[in-house]
Amino acid sequence: MTDHPAELHERRILGTELLWAFGVGVLIAATLSVIVFTALTRDINPPSNVERIDPKTLHLSGEFAEQNLGTTVTADGGVTVRVIATQFMFVPRCIAVPRQRRVTLRFATPDVVHGLLITGTNVNTMVVPGFVAQVHTEFPRSADLLMPCHEYCGLGHSEMWATVQVVPEDDFKPDQDGRVSCAQR
Ligand code: CUA
């Protein structure tokens, strides 16, 4: 007994649908594996550090008090940079970081949503009131890099930017408190 033409037609539709479903499945799997791979090997991932901070008091005491801002080297050699993003400047306006060494950048804001990127690096994050934005990176070569605010935050938004001074390891000299500031040039 031969198949009814309508039945053949149905079967062909099912075949095409399965083929497309398979193709889409492969694409989704490929996309997910690229995301996981880059996140694990190249520190490229969504800035999803859920760490709360009170925007009303962050500048008064604790981690983001004025004397703690900028670059700090801890006893174990870890480099952490703390920056406040506020209307309409970054505090401090210039940060010094060592070349070819892992650096942790931590940002907080007391007012509105800001965003920032550092040109030529994987650093690109939002800075949302109530949360600490944290990014890990490594700067491959010495340069003065631009760090503009990239989220419209008010009338002075276009004036809001900082400089990242990437210096060779020999020129990166913490003082007795483990602090490093930008060299005057
Ligand atoms: Cu801060 Cu735009």
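Since the structure is predicted, the reported quantities are computational estimates derived from the model, not experimental observations.

### Here we look at the pattern of salt bridges
Next, step 1: Enumeration according to the criterion identifies four salt bridges in this entry.
Next, step 2: Where glutamate 51 meets arginine 106, a salt bridge forms, and the shortest distance between an N and an O atom there is 2.5 Å. With a gap of 55 residues between them, glutamate 51 in the loop between helix 1 (5–42) and strand 1 (70–73) and arginine 106 in strand 5 (residues 102–108) connect regions that are remote in the sequence.
Next, step 3: The exposure class of glutamate 51 is partly exposed, given its relative accessible area of 25%.
Next, step 4: Of the charged contacts, one joins arginine 82 and glutamate 63 as a salt bridge, the two residues approaching to 2.5 Å between their closest N and O atoms.

### Some points on the side chain of histidine 114
Next, step 1: Its place among the elements puts histidine 114 in strand 6 (residues 114–117).
Next, step 2: Overall, histidine 114 belongs to the buried group, its relative accessible area being 0%.
Next, step 3: Within the structure, the side chain of histidine 114 is placed 2.8 Å from the side chain of aspartate 111, a separation counted as a polar contact.
Next, step 4: Not counting chain neighbours up to four residues away, the residues in contact with histidine 114 comprise Ala85, Thr86, Gln87, Thr109, Met126, Val127, Cys149, Glu151, Cys153 and Met160.

### A short note on a nonpolar patch on the surface
Next, step 1: Among the surface-exposed residues, Trp20, Val24, Ile28, Leu32 and Ile35 lie close enough to one another that they form a single nonpolar patch of about 540 Å² accessible area.
Next, step 2: As for its position among the elements, isoleucine 28 is in helix 1.

### Brief notes about the domain arrangement of the chain
For interface size, the figure often reported is the accessible area lost on association.
Next, step 1: The domain boundaries assigned to the chain delineate domain 1 (6–41) and domain 2 (51–180).
Next, step 2: The gap between the C-alpha centroids of domain 1 and domain 2 is 42 Å.

About the thresholds
Along every chain, residues carry numbers that run from 1 in the direction the sequence is written. Confidence filtering applies because this is a predicted model: local features only for residues at pLDDT of at least 70, side-chain atom pairs given and counted only at 80 or more, and all residues used for totals across whole chains, interfaces and linings. Hydrogens and water are ignored here; the side-chain numbers use all heavy atoms of the structure. Any carboxyl oxygen of Asp or Glu within 4 Å of a side-chain nitrogen of Lys or Arg constitutes a salt bridge here. Runs of E in the DSSP output that reach at least two residues are strands. Runs of H or I that reach at least four are helices, and both are numbered from the N terminus. Each residue is assigned to one of three classes by its accessible area relative to the maximum for its type, calculated with a 1.4 Å probe on protein chains only: buried under 20%, partly exposed between the two thresholds, exposed over 50%. Here a polar contact means two N or O atoms within 3.5 Å. Within protein one must be a hydrogen donor candidate and the other an acceptor candidate, and residues neighboring in sequence count only if both atoms are side-chain atoms. Contacts are assigned to residue pairs that have any heavy atoms within 4.5 Å of one another. Excluding any residue in a salt bridge, patches collect residues exceeding 30% relative accessible area, merging like charges within 9 Å and nonpolar Val, Leu, Ile, Met, Phe, Trp and Tyr side chains within 5 Å. Residue-level accessible areas treat just the shown protein chains as cover; the underlying method is Shrake-Rupley with a 1.4 Å probe. Note that the domain bounds were set by an automatic or database domain assignment.

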